[in-house]
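# Observations on the three-dimensional arrangement
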Amino acid sequence: MENGLNSTNRVGHNNDSPNAVISQPSFGKKPGEDPDYQFHVLAEEPINDSDEYTDSDSDSSSSSESEGSSYDSDDEGEAEDGIIPPGADFADQLERASRGKPFQSWVQPRITEEIRAPLESKDLNGVANDTVKKSPPPTKQLDISDLLEEPTSKKRKRDDDEDGDSCNLKELCTTFAVPYHVARRTAVSTEEETYVLHVDANLDSPDALIAAGLSNPCIHVYNAERLALIAKLKGHSDVITGVKFCNTRPQVLLTGGREGSLRLWDLRTKPYSCIHTYSGNEMTRNPGRTKHITCFDLDCQDRILCAGTEQLFGDAYLLFWDIRSTRLMGGYWYSHGDDVTQVRFHPNEGDTLATASVDGLLNIFDLEQNEEDDALMHTLNADCSLRTVNWYGQCDRWGFLSCITHNEDLQLWNRADVNPYASFSRIDISTEMRRKSSNYVYLVDVHKRTNDELLILCGSSYRENGCLRLLRVQNNRLRPHALLPQTKFDTQIVRASHLFQASEVLLTAGEEGIINLWSPGDPDEISHDSSFINAVSPSNTQEETGVDLIEEYSNGQASSPESDMNGT
Amino acid sequence: MSSKVSKETLYECVNAMLHHSQVKKRKFLETVELQIGLKNYDPQKDKRFSGTVKLKHIPRPKMQVCVLGDEQHCDEAKANSVPQMDVEALKKLNKNKKLVKKLAKKYDAFLASEALIRQIPRLLGPGLNKAGKFPTLLTHQESLMQKIEEVKSTIKFQMKKVLCIAVAVGHVTMTPDELVQNIHLAINFLVSLLKKHWQNVRSMHIKSTMGPPQRLY
């Protein structure tokens, strides 16, 4: 039985300096490619003996999962152009506080021989070199875990109420191969109870922008590279129910509020103004009655705007506006029996719309038809109240849908089918996440990668020992993909996320009002000169072979993750 | 998952409730409901509390299920005296909204064969959707009666505007054991979907339709 880390490997509470001593590999080189990389790390890092960490011999996740992460203190909240974003002060405080805190180590990994040895050994199925190449990321993961807080309590009162990892730390870091870390962080406000519920981003120049919709009716616009606040858009009077940049004009932002109106904002010149407000109250059916909007979407050519509403006197509406003329074109109200929770236009077919509702149905409409009855093409019964729906494609065929239910299950559908071609329950997901209990698992969203695989953002809301992880759907199977280690300042229930396609940078935001940009790959490569959001992620191309090799290795060793999980 | 409601309390309350229902017998079969009062929960901001829970014992035995089947399923349904309709019968409705609405009102749930379920939007229009009774898929792999059992045991729950939610968990002619099992399952499942688990629960009661509520927590 393999133990976790020995006590000598743990980074203790005596840090030398918060700044990394590692020499930085040149930007663009993948960690494995630089032959000197590993030696840089070894040579310059003092080995730290810590007496404070007592390693437990049991495999059942004695080490806590409340993670630390390496933190690029330079990039946070600084405004080179003179605009001081409100978040900057908070970030500075964060930084100062973190430097003082004994258990928050900003030092880069301290890698000792003992951790290195097994991964560098030459008898790994004869693929020694490749595995060694891949080892820096896993070992870094390991060491990020060195920055973890002490486990809060070893006393377990009642086993079944708890949550934690189902395998030891080393196993965890090897299984989740992609080393995400926080590259940028900001908080929306210092008030309690402001949730960030929606995010969207665009990458088109001149400025890559991120928009965040909050639970106080306000929208924050950030510069994406620096995560610096640019503006706050006020105008809605109720919780924000969606933010979306227009597809063809990325400087135009659409936002929706629960009070039943949608607003179009022009972000080209300051002050940002609301160009138009769309309202559903002009509907001839129940006119004047507020139809609370729960979601909206824009078609791929920016012609039609569709919003879904809550149920009003038995009718759940889908409202349609012509964007340019701002005319309310009409609505559907026969196809759903309960609140509509998400509407999504097809990414390529401008007239195809998918809608999801609390009644458990996924409806697919062809909007070219005149009547609602004729427009309803398919109804897919997910048999459980749905929270999100998303289109995705495989090999350029875009007729697939992913949906998340309120039971925290995931279903994958082909739109012409009668039942999902893959379905993952909350328990399946918690198993792949390597968690003990499925009672705290929640799903955030499903993202598509450039190689057609799906990434599922999921987490555990267990207070003492939560987590945030990415799972990958590959060949219709769930696989672990990445750990997103949350520090004490990041821990929150994530409600919204966005994946930047090329770089695989992940944007997350949640109930504590914290917005994070997670970057895969080597933390040292992030500098505030480079545009890390636009860079092509090293893990994008390298990762697949890496994972296969790791799997080969683990299969060859006859210790698959599943069996290890049960406590070797 | 351990529960803040002990088995003793459960049995006590269930027995008390059953006793009441015996004392004053009603002319209909009373349903037993689990009522949960929530707290520390903001319905505007927090995630919606909604979904389905599958119970071990059928809580509503009088639920009417209709099979919309292909030949094989229709034969099976006839053999088991389950109401059924085939494609021809559906075509006769001619997408008439009123007739479809009537059909939806007549039954509590529908099951449909694969071939048929695809055509529902074309044959019937959105009438079943609106009624919340769109059919569940019925494959040839499972037995019809089994699927019907499954459908009858699955309960939807949803928290609307008020911070309170009620779920049907049984009826008064079930044995206490069965009721306790169902209630225990329902409690654990529902609490696991809440953000703060037991911190979000203010109170819990079980109640038969006409009887007084019995407090569990």
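Numbers given to residues run from 1 along each chain, matching the order in which its sequence is written. Each chain takes a letter, starting from A, and each ligand takes a number, starting from 1, following the order in which they are written. For a predicted model such as this one, the threshold for reporting local features is a pLDDT of at least 70, and the threshold for listing and counting side-chain atom pairs is 80 or more; totals across whole chains, interfaces and linings nevertheless cover every residue. Side-chain calculation: all heavy atoms of the structure are included, whereas hydrogens and water are not.

As annotated in an unreviewed UniProt entry, chain B is Ribosomal protein from Darwinula stevensoni.

The name given to chain A in an unreviewed UniProt entry is WD repeat-containing protein 89, with the source organism recorded as Darwinula stevensoni.

Right, let's talk about the pairing of strand β14 (residues 328–332) of chain A for a bit. A pair of strands is considered paired only if DSSP assigns at least 2 bridges between the two. Secondary structure elements follow DSSP: runs of H or I of four or more residues count as helices, runs of E of two or more count as strands, with numbering from the N terminus. As paired strands, strand β13 (residues 315–322) of chain A and β14(A) are joined by four bridges and run antiparallel to one another. By the bridge assignment for β14(A), Leu318(A) is matched with Tyr332(A).

The topology assignment puts Arg185(A) in strand β2 (residues 181–187). Counted as a polar contact is a pair of N or O atoms within 3.5 Å, where, for protein atoms, one must be capable of donating a hydrogen and the other of accepting one, and residues adjacent in sequence contribute only when both atoms are in side chains. Within the structure, the side chain of Arg185(A) is placed 2.5 Å from the side chain of Asp490(A), a separation counted as a polar contact.

Residues and elements named next belong to chain A. UniProt positions are given in the numbering used here, feature names are shortened, and annotations may be inferred rather than shown by experiment. In this structure's numbering, the residues bearing the UniProt feature "repeat: WD" (unreviewed entry) are residues 233–269 and 333–375. End-to-end, the C-alpha atoms of residues 233–269 are 13 Å apart, and along that stretch the chain is 0% helix and 54% strand. Summarising residues 333–375: 9% helix, 42% strand, and an end-to-end C-alpha distance of 12 Å.

Glancing now at the sheet that holds strand β12 (residues 304–312) of chain A. Residue and element names in this part refer to chain A. Taken together, the four strands give an open sheet; going across it, the order is β11-β12-β13-β14, and neighbouring strands pair in antiparallel fashion. Looking at the sheet topology across the chains shown, the edges are occupied by β11 (293–298) and β14. Adjacent strand axes in the sheet meet at a mean angle of 20°, parallel and antiparallel pairs treated alike. Note: β12 against β13, seven bridges, orientation antiparallel. Residue Gln311 lies in a different strand from β13, and its bridge partner there is Ala316. Between N-to-C directions, angles cover 0 to 180 degrees, with each direction set by a line fitted to C-alpha atoms, over the stretch in contact for helices.

This part covers the nonpolar core. A general feature of soluble globular proteins is that nonpolar side chains tend to end up buried together. Joining through side-chain atoms within 4.5 Å is the link that ties buried Ala, Val, Leu, Ile, Met, Phe, Trp, Tyr and Cys residues into a set, and such a set is a nonpolar core. Burial classification: accessible surface area is computed with a 1.4 Å probe over protein chains only, and a residue below 20% of its type maximum counts as buried, one above 50% as exposed, and the rest as partly exposed. Within the largest apolar cluster, 36 residues are counted, with the highest numbers of intra-cluster contacts made by Leu34(B), Phe49(B), Ile183(B), Met204(B) and Leu216(B). Mapped onto this core, the elements with two or more residues apiece are α1 (7–23), β1 (31–38), β7 (154–158), β8 (164–171), α8 (176–193) and β9 (201–208) of chain B. No other element matches α8(B), which puts eight residues into this core. Pairs of residues are marked as contacts when any of their non-hydrogen atoms sit within 4.5 Å. Filtering out sequence-adjacent residues up to four positions away, Leu216(B) remains in contact with Val5(B), Thr9(B), Leu10(B), Cys13(B), Leu34(B), Ile183(B), Ile187(B), Met204(B), His205(B) and Ile206(B). Counting residues in each nonpolar core, the second largest holds 25 residues, with Ile429(A), Met433(A), Val441(A) and Leu443(A) among its members.

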